[in-house]
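# Coordinates in review
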Amino acid sequence: MPRLFATLLLALTPLLASAEEVIRVYNWNDYIAPQVLKDFEAETGIRVEYHTFSTAEELKDALASGEAIDVAVPSHDTLPALIKSGGLHPVDFSLLPNRKHLDKQLLSTLVALDPGNRHALPYLWGAVGLAINTPQAEAAFGGPLPDSWSLLFDAEQSTRLASCGISVLDARDETLSLLLNYQGHSLARSSPSRIKRTSQVLDGLRPNLRYIDSERYIEDLSQGKLCVAMAWVGDALAAADAGQPVRFVVPDEGSVLFIDNLVIPSSAKRPDLAHRFINYLMQPKVAALITAETLYPSGNADSKEFLGEALRNQPGLYPDRDTKRRLHALETLSDKHGAIRDEVWARFRDGS
Ligand code: N2P
């Protein structure tokens, strides 16, 4: 009785629709292979409502807003505050068999911030450095460039580069850590007055910048519209991949690295599905696909064998031993340091 069948189906449709399973995911921009989301949806029938953000503040605001988020990707330095405020669900290891593929070294770095590794699973990580379009930058600079943060933090040098386009990440912790490190200090251990004094250096840089932004620069670098950008490694490598003579440099003074983590916020409506999604992403093959697409090192040690020769050996993707020695993880700031950082940053970014 086809007619009755059709009527039945019609009557059932709203029920079927409401039974649809959905998770809401918040991730950094350009930080996944779109195919992975499609495959996950096709394999599980779970729909992913996928949102992106480009600054740590945006994620912080989204997490504080009370809106339901099932999976988010905060950086390691923000974990202690999130955990302390009860903002994260402890994960259930028994639902995450693929956890065994994660990088043990990253887990042991994280354990200091997340005791027992109960809340955070390393996803992608990497260094901050300079993306340099060498021919353009040398022409504007008038000769070879130093491998130094002085290109940004010495006003005489940034003035010479201004005409070919300089940008800085909209990343307050990274920028201020790098500047203080360039001056021989640590952001977390500097006195308030020392942190405030960085404003003088930033004031010298500001007029020479095209913008402070963590998303626009990806496309601009790839189109040869910027010659020097403070960059997260994958975004710089993407420009080289697009055919620009862009190299990624970790300057001689050293730099910071970040570990971004899959977490389940306490606002999650479906922690059960969040576990399924995270476990899916932790399959070595899937993790390799994500690294191949984003050009960020993976938190998944076993993904390496699926990367393919060229990517495994791509210079700059996984820092070599010498570069690693010059990298240190972004520090977690006390509330007091955070407040001064915000003040300096607002003046630099918004002129307020
Ligand atoms: C990629 C974003 C990198 C995230 N566009 C740095 N925490």
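### Points about the environment of Val91
- One can find Val91 in the loop between helix H4 (79–84) and helix H5 (104–110).
- The contacts of Val91, once residues within four sequence positions are left out, are Leu96, Arg118, His119, Leu121, Ile264 and His275.

### Focus: the state of the cysteines
- Applying the stated criterion to the full structure yields 1 disulfide.
- Put simply, Cys164 and Cys227 are joined by a disulfide, and their sulfur atoms are 2.0 Å apart. The sign of the S-S torsion, about 65°, decides the handedness of the disulfide formed by Cys164 and Cys227: right-handed. Of the two residues, Cys164 is situated in the loop between helix H8 (155–161) and strand S5 (166–168) and Cys227 in the loop between helix H11 (216–222) and strand S7 (228–232); the sequence distance between them amounts to 63 residues.
- Residue classification places Cys164 among the buried positions, given a relative accessible area of 12%.

### Side note on the pattern of salt bridges
- Following the criterion strictly, the structure yields 18 salt bridges and no others.
- A salt bridge links Arg172 to Asp342, with the nearest nitrogen and oxygen atoms 2.9 Å apart. You can see Arg172 sitting in helix H9 (residues 172–182) and its partner Asp342 sitting in helix H17 (residues 335–350), a full 170 residues away along the chain.
- Accessibility expressed as a relative area gives 10% for Arg172, which makes it buried.
- Here Arg347 makes a salt bridge to Asp203, at a shortest N to O gap of 2.3 Å. Pair noted here: Arg347 is in helix H17 and Asp203 is in helix H10 (residues 192–205), with a separation of 144 residues, a long-range link.
- In this structure Arg347 comes out as partly exposed when scored by relative accessible area, which is 41%.
- A residue is classified by how much of its surface remains accessible, and Asp203, at 36% relative accessible area, is partly exposed.

### Let's talk about the site of the ligand
- With respect to spatial proximity, the complete set of residues near the ligand consists of Trp28, Asn29, Tyr31, Ser75, Trp232, Asp235, Phe258, Asp260 and Tyr296.
- Asn29 has a polar backbone atom sitting 2.8 Å from a nitrogen atom of the ligand.
- Asp260 is positioned such that a nitrogen or oxygen atom in its side chain is 2.8 Å from a nitrogen atom of the ligand.
- Within the complex, 100% of the 270 Å² of free accessible area of the ligand lies under protein.
- Tallied by class, residues from the shell around the ligand come to 5 nonpolar, 2 polar and 2 charged.

### Observations concerning the pairing of S7
- Burial within S7 is extensive, with 5 of its 5 residues counted as buried.
- The alternating pattern of S7 places Val228, Met230 and Trp232 on one face and Ala229 and Ala231 on the opposite face, and all of these are buried.
- Pairing geometry for strand S4 (residues 121–133) and S7, over 5 bridges, is antiparallel. In the sheet register, Leu130 faces S7, and the bridge partner there is Met230.
- Pairing between S5 and S7: 2 bridges, direction parallel. The residue bridging Ile166 from the neighbouring strand is Val228, located in S7.

About the thresholds
- Residues numbered from 1 in each chain as written.
- Predicted model: local features only at pLDDT ≥ 70, side-chain atom pairs only at ≥ 80, totals over all residues.
- Heavy atoms only, no water.
- Helix = DSSP H or I, 4+ residues; strand = E, 2+ residues; numbered from the N terminus.
- Contact = heavy atoms within 4.5 Å.
- Disulfide = S-S within 2.5 Å.
- Buried < 20%, exposed > 50% of the residue type's maximum accessible area, 1.4 Å probe, protein only.
- Salt bridge = Lys/Arg side-chain N within 4 Å of Asp/Glu carboxyl O.
- Near = heavy atom within 4 Å.
- Polar contact = N/O pair within 3.5 Å; in protein donor to acceptor, adjacent residues only side chain to side chain.
- Areas by Shrake-Rupley, 256 points an atom, 1.4 Å probe, with all protein chains shown as cover.
- Nonpolar A, V, L, I, M, F, W, Y, C, P; charged D, E, K, R; others polar.
- Pairing = 2+ DSSP bridges.

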